[in-house]
There are 2 protein chains.
Amino acid sequence: MLYSSTRRAFVIALLIAALGAGAERAVAEASDPLSSWNDGAAKQAILDFVKTTTDSSSPNFVAPEARIATFDQDGTLWVEHPIYSQVVYCLDRVPALVKAKPELANVEPFKTVLSGDREAIAKLSTHDLEKILAATLTGMTVDTFNAEAEKWIATAKDGRWKRPYTELTYQPMQEVLSYLRANGFKTYIVTGGGQDFVRVYSRRVYGIPPEQVVGTAGGTKYSYDQDGKPILTKEPKLLLNDNDAGKPEGIHFMIGRRPIAAFGNSTGDQQMLEYTGAGEGLRLKMLVLHDDAEREYAYGPAEGLPDTKVGTFTQDLYDEAKRDGWIVSSMKNDWKRIFEFDSAP
Amino acid sequence: MLYSSTRRAFVIALLIAALGAGAERAVAEASDPLSSWNDGAAKQAILDFVKTTTDSSSPNFVAPEARIATFDQDGTLWVEHPIYSQVVYCLDRVPALVKAKPELANVEPFKTVLSGDREAIAKLSTHDLEKILAATLTGMTVDTFNAEAEKWIATAKDGRWKRPYTELTYQPMQEVLSYLRANGFKTYIVTGGGQDFVRVYSRRVYGIPPEQVVGTAGGTKYSYDQDGKPILTKEPKLLLNDNDAGKPEGIHFMIGRRPIAAFGNSTGDQQMLEYTGAGEGLRLKMLVLHDDAEREYAYGPAEGLPDTKVGTFTQDLYDEAKRDGWIVSSMKNDWKRIFEFDSAP
């Protein structure tokens, strides 16, 4: 009896192993994991990198726990033009803010935002924008903020495509996220945008849980409400400015180890890619180049495209990328489609 | 042909599901997952909590992605008396520090530490200790720090048991960590100790990866070394004081959602347990009471034990625990053994 049950367990274990390996192969071979990418250097670089770092017989093999991949969000995973979606959120919050604090109605920059004058709003200074961000992103409990942001992200629509912002993620990059995860990578968003804001939809939209979102973050303050219930209130105190040098600093703080792959699209991602590349062993560094005015937008002075303050891609960054073997992926040439709702390739 | 291969895939899927469920049950029933715990209210509370939150037919069911459990380290997962292990590390680093900066040899508090006079060292003020911590935990690159701390933790030994500090983890709590993980929980350390310090050994010692360690943390600064290679340098700038109210604040910052289970042992964990308990649905809150002078230590004024500055457990905390249904686990009565090297139960 003992023998037969042990033997049965052994046979079951063998079956599981065989079926497991078979299923894995089946999934891997089932279809092209990067089907929205045109064949070319960028697509091949991703496929080669994943193959060699996950092949235990390869000198480039990386243990599963060290397979950390970081992705900028704005301009890398979803549309950032004409302006970051989170800024639209903050502007959209101003009427409710003024309703709660009527004394702001005649105070700038809130007065201009309330006027609805798009030209005047577009001319607001960085300092004015910071005032609006602080007033609409702090001062409430984290639960209240989450509820407000969730409601907005579920209903607000982009002006060009008339679709929810969450449908404006890049299908080729979604495929990279899925492909990396299917190969044992842990995928992180490392965004200059608000950490709390992105966490509201990261799981649903990217399959990335809140704890794998690193972003610009303010402090919170623990206290008790009138019923004695513990609450956390968002404070206007910057803890992490997750842009430029703040990206590797934030990665060290939040993740504690160096990524082996990093994806970005602007000078704000430069240090993250440098830091990723400075580790030992093979590393994947990729920049998305917005050169497709027809299907999305075209900006960045590299290759003669117009300059921009939203997602700046300088000639210096382009030169560093070329010099150090980073992949510059052209949306126009490398991507079969931009969005999931574009016709399937 | 199409039909048969579809049908074959379906049969395989059924088989995998059936075998998977069977394997899971087999593992769960294989042996007592909390074998170092005496039968009693504390052990039963853990077993009941895990059973009801992971049973999809239970009203207390929690989706796997929300199964977040947080553990204090010092005094909850390993020995904290007579003094936190990390403080010993910092004191041990002083000779190397003075070798690199000889001008410190005659400056207090370094002079006292160098003297080796244990009584004088024990009398150093908090301010003096902070100077030593800042001088030994900051100013170097994160890679240098990791190498120094790794070397120390591999060789340094506790004075009482003459064993590496990493062997002084509590076996019953290690079992709780494993049991929770086997049931789909994500386990975090949320420590007042240094985040970078604990991350050096967290995977090896607790099975917890660096990114799941939240601790007291300073900022880092991104720059380039003389060869142009990117480096991160540890700065004496406090970003997160992960004690008291800092624990829920740190949890929100680093994890972004509320734990459903939290474990601590002192007033430094009070707010973490309150915050955990204030969420909707069933929550597990547990405090470890150090009441076993023979096998470990006995301290905290609760139940007449002596007070201490290291792991303070006030009568107020004890009263709050009893009032709000937190479990107070007695090391003396609830734990069959303290360490793995104690004779097996």
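This text goes with the structure placed above it.
None of the values given here were measured: they were computed from a predicted structure. (Residues numbered from 1 in each chain as written. Chains lettered and ligands numbered in written order. Predicted model: local features only at pLDDT ≥ 70, side-chain atom pairs only at ≥ 80, totals over all residues. Heavy atoms only, no water.)

Quick word on the interface of chain B and chain A
Reports often express the size of an interface as the amount of accessible area lost when the parts come together. To keep things clear, this is the line we draw: Contact criterion: two residues are considered in contact whenever any of their non-hydrogen atoms come within 4.5 Å of each other. Two parts placed together each lose some accessible area under a 1.4 Å probe, and adding up what both lose gives the buried area. For this document, the term salt bridge refers to a Lys or Arg side-chain nitrogen within 4 Å of an Asp or Glu carboxyl oxygen.
Listed as interface residues are 42 residues of chain B and, on the opposing side, 42 residues of chain A. At the boundary of chain B with chain A, total buried surface from both sides reaches about 3600 Å², with 59% on carbon and sulfur atoms. The largest share of the area that chain B buries against chain A comes from Glu211(B), Tyr222(B) and Phe253(B), three residues that together contribute 19% of it. At the junction of chain B with chain A, the criterion picks out six salt bridges.

Brief notes about the pairing of strand β5 (residues 261-264) of chain B
Every other side chain in a regular strand lies on the same face of the sheet, so the side chains alternate between the two faces. All names here are of chain B. Cut-off, in case you're wondering: In this scheme, a residue with accessible area under 20% of its type's maximum is buried, one over 50% is exposed, and one in between is partly exposed, where area comes from a 1.4 Å probe on protein chains only. The helix and strand labels rest on DSSP assignments: H or I over at least four residues marks a helix, E over at least two residues marks a strand, and numbering proceeds from the N terminus. Here, any two strands with at least 2 DSSP bridges between them count as paired. By convention, a crossover is right-handed whenever its connection, traced from the first strand over the helix to the second and viewed with the strands pointing away, goes clockwise.
Going residue by residue along β5, you find Ala261 and Phe263 tucked away on one face and Ala262 and Gly264 tucked away on the opposite face as well. Note: β5 against strand β6 (residues 284-289), four bridges, orientation parallel. Along β6, the bridge assignment pairs Gly264 with Leu287. In terms of handedness, the path from β5 via helix α12 (residues 270-277) over to β6 forms a crossover that is right-handed.

A word on the side chain of Gln174(A)
Residue and element names in this part refer to chain A. Heads up, the condition is: Two N or O atoms form a polar contact when they lie within 3.5 Å of each other; inside protein one atom must be a possible hydrogen donor and the other a possible acceptor, and for residues adjacent in sequence the pair counts only when both atoms belong to side chains.
With respect to the element layout, Gln174 can be found in helix α8 (residues 171-182). Given a relative accessible area of 15%, Gln174 falls into the buried group. For Gln174, the side chain forms a polar contact with the main-chain oxygen of Val205, separated by 2.9 Å. Here Gln174 is in contact with Thr169, Val205 and Tyr206, once residues within four sequence places are set aside.

Details of the packing of aromatic side chains
The line we're drawing: Only the six-membered ring of Trp is used, alongside the rings of Phe and Tyr, when aromatic pairs are assigned; centres must lie within 6.5 Å, and planes under 30 degrees apart are stacked while those over 60 apart are edge-to-face, with the rest tilted. Definition used: whenever NZ (Lys) or CZ (Arg) falls within 6 Å of the ring centre and also within 35 degrees of the ring normal, the charge is taken to sit over that ring.
A complete count under the given rule lists 35 aromatic pairs over all chains for this structure. Arranged with centres 6.0 Å apart and planes meeting at 90°, the rings of Trp161(A) and Tyr297(A) form a pair that is edge-to-face. Placement of Trp161(A) in the loop between α7 (142-155) and α8 and of Tyr297(A) in the loop between β6 (284-289) and α13 (315-323) is noted, with a sequence separation of 136 residues between them. Residue Tyr297(A) is classed as buried on the basis of its relative accessible area, which comes to 18%. Consider the rings of Trp37(B) and Trp335(B), whose centres lie 5.9 Å apart with planes at 70°: the pair is edge-to-face. You can see Trp37(B) sitting in the loop between α1 (2-30) and α2 (41-54) and its partner Trp335(B) sitting in the segment after α14 (331-334), a full 298 residues away along the chain. Through successive ring pairs, a cluster of aromatic residues spans Trp37(A), Trp161(A), Tyr170(A), Tyr297(A), Trp335(A), Phe339(A) and Phe341(A). The ring centre of Tyr275(A) lies 4.3 Å from the NZ or CZ of Arg258(A), which sits over that ring. Over the aromatic face of Phe145(B) sits the side chain of Lys234(B), whose NZ or CZ is 4.6 Å from the ring centroid.

What about the packing of helix α3 (residues 85-100) of chain A against α7(A)?
Residues and elements named next belong to chain A. Let me state the cut-off plainly: Structural elements are reduced to axes, namely lines fitted to C-alpha atoms, with helices fitted over the stretch in contact, and the angle between N-to-C directions of any two is expressed from 0 to 180 degrees. Throughout this description, any angle smaller than 35 degrees is read as roughly parallel, any larger than 145 degrees as roughly antiparallel, any in the 65 to 115 degree range as roughly perpendicular, and the remainder as oblique. Each residue receives one of three labels: charged for Asp, Glu, Lys and Arg, nonpolar for Ala, Val, Leu, Ile, Met, Phe, Trp, Tyr, Cys and Pro, and polar for the others, Gly being one of them.
Close contact between α3 and α7 brings their axes to 11 Å; oriented N to C, the two are set at 110°. For the element pair α3 / α7, the angle class is roughly perpendicular. Across the interface between the two elements, Ser85, Val88, Tyr89, Asp92 and Arg93 from α3 touch Phe145, Glu148, Ala149 and Trp152 from α7. A class-by-class count of the residues in the contact of α3 with α7 yields five nonpolar, one polar and three charged.

Some thoughts on the environment of Thr216(B)
Residues and elements named next belong to chain B. Residue placement: Thr216 occurs in strand β3 (residues 213-224). On a C-alpha basis, the gap between Thr216 and Trp161 in space is 27 Å, while along the polypeptide they are 55 residues apart. Those residues in contact with Thr216, other than ones at most four positions away along the chain, are Thr191, Gly192, Gly193, Gly194, Gln195, Leu238, Leu240, Asn241, Asp242 and Asn243.

Section: unusual backbone geometry
In this structure, Pro82(A) follows His81(A) across a cis peptide bond, with omega equal to 0°. Its place among the elements puts Pro82(A) in the loop between β1 (68-71) and α3. At Lys162(A), a residue that is not glycine, the phi angle is positive and equals roughly 55°. The residue Lys162(A) is located in the loop between α7 and α8 in this model. On the accessibility criterion, Lys162(A) (58% relative accessible area) is exposed. Even without glycine at this site, Asp244(B) takes up a positive phi of about 55°. Tracing the backbone through its elements, the reader meets Asp244(B) in the loop between β4 (230-240) and α11 (246-254).

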